[in-house]
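Listed below, chain by chain, are the residues.
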Amino acid sequence: MKKRVISLFAIFILGMAFLSEVSQAASPPYFVIINETKLPYNEDTMPFYIGNDIFIPVVVLTGLGVWEVSSEDFVRLYRGTRYVNFYTRPGEARTVNQDGTTLRWPHARRVGTRFFVPLRHVSDFFGLSYQIVPVPASIIPERQMQVLRIISDSIVNGPTAVGMNRDELRASFLEHFAAHPPPPGNGATQLPGDDVPPDYSDVTIHLSFFDISAGSAVWVLDLLDIQAESGFHACFFVNADDIRKNPDLIRRISGTGHALGIWLEDGTFEEYLETSALLFEAAKVRTVIVSAGYATETAAETAAEHGLIFWDGFESLVDYSAQSVAVITANLPREGGDRKNLLFPCTEGAASVLPGVYSYLRANEFTVERITETVMPLAGSID
């Protein structure tokens, strides 16, 4: 209890310091446009000036393919194979790139549940660009407004992007300022509050992976290591070739608290016996958990006949190539007691959506439970 009180006090002090910095460098309120798409105008998207730097909530960057993985005093931003780590603990704030080099950037800020990062530096690092475009009086005559436009891939100029969103800009202005009168003076955007996210702690999500021979398996494990503080553990389904080629990786999976199951390419009991023997030789692990993709029917029959525990991989596979993070998370269950199995291949494409999925699960307090021999098998899938 004492540790929690100290932590809350630290957040309060940081929030007050951040509010002081913002108030010293007020600016007109900003809308945010990503390429040509306007984001909702609310506390989750509002940027701020601190000194001469614009700070943006990290959630703004997801539409540009920059994903977040974070814990209480840490946030990693990742795009492609590049990433940068921000540490925000008071007195220990620093920024470090993927090579371990400390960067001379303005420190990221954490206020409540939101992280803010310096836009100029993040844009340069990830190859993005941005511009500030005034909103014409023909769209919003009542008040000076600006658009912060962040660009990853677009051929239209700033005024054109603003014009394409004229109706949305006008509607957002009227909706927001009807409920929140414009701030006094020169119009600094108010610091967002610490909103309480929905609580889905009674909903259980199982994370599982296969194809660890793919190049991104180590990155998938790195992401899970960062989430260990949130209790995120997974089950990795492996076949005989995976074990032969990656015995060290198998041992790392087991040693860091993740479960291991056997992925049956052909679905036969002979295949299970061969893989099981290799698994015990590599990591001294025995498992009766099995899954399969195309050989689902054969594998299910094998499991039933020989007392194995079958999780239907074909039904649980997440088609990340066709589903964005928003679609994946929108199809998660919401009712207490419900469960869902999310099965990902350890490929670069799948790994690219994982930070966004993890952030959503953590922020909304889902229970993330690994697959074990004592967990009732589930064949639920993302629709």
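Residues numbered from 1 in each chain as written. Predicted model: local features only at pLDDT ≥ 70, side-chain atom pairs only at ≥ 80, totals over all residues. Heavy atoms only, no water.

Caption draft 1: Representation of the nonpolar core in the model. Counting residues in each nonpolar core, the largest one holds 49 residues, and the members touching the most others are Leu207, Phe209, Ile212, Phe236 and Leu361. Residues in contact with Leu361, not counting those within four places in the same chain, are Ile205, Leu207, Phe232, Leu332, Phe366 and Val368. (Core = buried A, V, L, I, M, F, W, Y, C linked by side-chain atoms within 4.5 Å. Buried < 20%, exposed > 50% of the residue type's maximum accessible area, 1.4 Å probe, protein only. Contact = heavy atoms within 4.5 Å.)

Caption draft 2: Spotlight on the pairing of strand β15 (residues 259-263). Of all five residues in β15, five are buried, a share of seventy percent or more. The two faces of β15 match: Ala259, Gly261 and Trp263 on one face and Leu260 and Ile262 on the other face are all buried. Examined bridge by bridge, strand β14 (residues 235-238) and β15 share four bridges and lie parallel to one another. Within the sheet, the bridge partner assigned to Cys235 lies in β15 and is Ala259. By the bridge criterion, two bridges tie β15 to strand β16 (residues 289-292) in an arrangement that is parallel. From the neighbouring strand, Trp263 faces β16, where its bridge partner is Ser291. Crossover β15 to β16 through helix α8 (residues 269-283) is right-handed. (Helix = DSSP H or I, 4+ residues; strand = E, 2+ residues; numbered from the N terminus. Pairing = 2+ DSSP bridges. Right-handed = clockwise from strand over helix to strand, strands pointing away.)

Caption draft 3: Focus on the packing of aromatic side chains. One pass over the full model with this rule turns up 17 aromatic pairs. Note on Tyr360 and Phe366: the rings are 6.0 Å apart at their centroids and 35° apart in plane angle, and the pair reads as tilted. Since its relative accessible area comes to 6%, Phe366 is described here as buried. Aromatic ring contacts, followed pair by pair, group Phe86, Trp105, Phe125 and Phe126 into a single cluster. (Phe/Tyr/Trp six-rings, centres within 6.5 Å; stacked < 30°, edge-to-face > 60°.)

Caption draft 4: How the structure looks around the side chain of Asn35. With respect to the helices, strands and loops of the structure, Asn35 is situated in the loop between β1 (30-34) and β2 (37-38). Overall, Asn35 belongs to the buried group, its relative accessible area being 12%. Ignoring sequence-local partners within four residues, the contact set of Asn35 consists of Leu64, Arg149, Ile150, Ile151, Ser152, Asp153, Ser154 and Ala161.

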